[in-house]
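Report on the structure
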Amino acid sequence: MEPKNQQTILIVEDEATLSNLSQTYLNAAGFRTLIASDGAQAIEMHTNQHPDLIILDIFLPKVDGREVLKAIRAWSDTPVIILSALNSEEDRIKGLDLGADDYITKPFSPREVVSRVKSVLRRFQTQQSNMRQDKLEFGPITIYPKVRRIEKNGDVIDLTAKEFMLLLTLASMPNEVLTRESLLSRVWGFEYLGDSRTVDVHIGTLRKKIEENPAKPRYIKTIWRVGYKFDSSGLEEESDDPQLDQ
Ligand code: CA
């Protein structure tokens with residue numbers, strides 16, 4: 001791999017055997033790696049070295065992984081994969097709610113870490129490049145990210161700045177489920193975390209403006225207990241049973 005294209009992964013882990021294992025596999029896959037062994041060092045390295053992705057252990061000395069993620073999300077959208085021994089579904093969702101991009105439970109296979117790193121980076125790059133496109137087209141809906149304009153069947157739809165950012169954030173990751181907390185931190189900033197009703201209210205007004213039938217949305221779909229996704233197919237939900245939306 002060309003050194004100038006090399007992506008840097010910051011591994012935040014206090015157990016040296018684990019960080020060395022991930023490091024070996026990531027280096028073999030062509031990534032540059034940095035290791036932070038506590039939370040304070042992780043925040044400092046993120047600020048000074050601008051890694052492309054962070055693998056973040058939750059249980060850390062000094063500053064715990066959740067606090068590290070909060071500090072990072074306050075001003076940056078660097079992708080974060082949380083690494084933790086917690087493995088209940090609830091803990092997994094909590095990790096994602098903090099604005100993490102993925103979650104790996106311990107014990108983990110280092111190959112799994114490499115493949116998740118690649119997939120999160122790919123998703124993030126797709127999103128970044130979509131947000132820089134001149135236009136994104138989904139059937140009758142056309143979004144012009146640069147001029148912050150949206151048209152439906154050629155007619156301009158009047159959106160507020162937040163509605164536009166919410167729509168663009170969802171549509172730049174089509175068919176990916178985004179949690180309310182991750183939408184809050186991306187569109188409103190981290191200080192709004194906890195007030196996820198804000199997202200629901202804005203989704204409601206957005207649907208009224210872009211959906212034919214806001215009660216049966218074709219584009220902005222609710223994923224029960226998790227969040228929302230932008231469905232690029234524009235097809236009506238097949239079933240109202242929330243269990244089937246999982
Ligand atoms: Ca640990």
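This text gives an overview of the structure that appears in the document. Think of each chain on its own: its residues are numbered from 1, step by step along the sequence as written. At least 70 in pLDDT is required for a residue's local features to be given in this predicted model, at least 80 for side-chain atom pairs to be given and counted, and no such filter applies to totals for whole chains, interfaces and linings, which use all residues. Derived side-chain values reflect all non-hydrogen atoms in the structure, with water molecules and hydrogen atoms excluded from consideration.

1. A closer look at the packing of helix α1 (residues 16-28) against helix α5 (residues 110-131)
Where α1 meets α5, the axes come as close as 9 Å, and the angle between the chain directions of the two elements is 55°. Classified by the angle between their axes, α1 and α5 sit oblique to one another. The hand of the α1/α5 crossing is right-handed. Across the interface between the two elements, L21, Y25 and L26 of α1 pack against P110, R111, V114 and V117 of α5. Residues are grouped as follows: nonpolar covers Ala, Val, Leu, Ile, Met, Phe, Trp, Tyr, Cys and Pro; charged covers Asp, Glu, Lys and Arg; every other residue, Gly included, is treated as polar. The residue makeup of the contact of α1 with α5, split by class, is 6 nonpolar, no polar and 1 charged. For helices, the fitted line uses only the C-alpha atoms of the stretch in contact; every axis is such a line through C-alpha atoms, and the angle between N-to-C directions lies from 0 to 180 degrees. The helix and strand labels rest on DSSP assignments: H or I over at least four residues marks a helix, E over at least two residues marks a strand, and numbering proceeds from the N terminus. Between 65 and 115 degrees an angle is taken as roughly perpendicular, under 35 as roughly parallel, over 145 as roughly antiparallel, and anywhere else as oblique. Each crossing is labelled by how the near helix is turned from the far one, with a counterclockwise turn of less than a right angle marking it left-handed and a clockwise turn marking it right-handed. Here, residues are in contact when the closest pair of their heavy atoms is within 4.5 Å.

2. What to know about the coordination of the calcium ion
The protein atoms that coordinate the calcium ion are D14 (OD), D57 (OD) and F59 (O), at distances of 2.1 to 2.3 Å. Categorising residues by exposure relies on relative accessible area from a 1.4 Å probe, with only protein chains included: less than 20% of the type maximum marks a residue as buried, more than 50% marks it as exposed, and the intermediate range marks it as partly exposed. A relative accessible area of 34% places D14 in the partly exposed class. Coordinating donors are taken to be N, O and S atoms lying within 2.8 Å of the metal, or within 3.2 Å when the metal is Na, K or Ca; because water is excluded from the atom set, some sites may appear incomplete.

3. Considerations on the environment of H202
Looking at the element boundaries, H202 is found in helix α8 (residues 197-210). Residues H202 and F164, 38 residues apart in the sequence, show an inter-C-alpha distance of 9.9 Å. Ignoring any residue separated from it by four or fewer positions in sequence, one finds H202 in contact with K162, E163, L166 and W188. We define a polar contact as two N or O atoms separated by no more than 3.5 Å, with the added condition that, inside protein, one atom must be a possible hydrogen donor and the other a possible acceptor, whereas residues neighbouring each other in sequence contribute only through side-chain atom pairs. A polar atom in the side chain of H202 sits 3.0 Å from the backbone oxygen of T198.

4. Overview of the pattern of salt bridges
Any carboxyl oxygen of Asp or Glu within 4 Å of a side-chain nitrogen of Lys or Arg constitutes a salt bridge here. Throughout the structure, instances matching the rule amount to 15 salt bridges. In this structure, D64 and R66 form a salt bridge, with 3.8 Å as the shortest nitrogen-oxygen distance. The exposure class of D64 is partly exposed, given its relative accessible area of 24%. In this structure, the salt-bridge partner of R116 is E112, at a minimum N-O distance of 2.8 Å. You can see R116 and its partner E112 sitting in helix α5, 4 residues apart, about one turn around the helix. For R116, a relative accessible area of 22% puts it in the partly exposed group.

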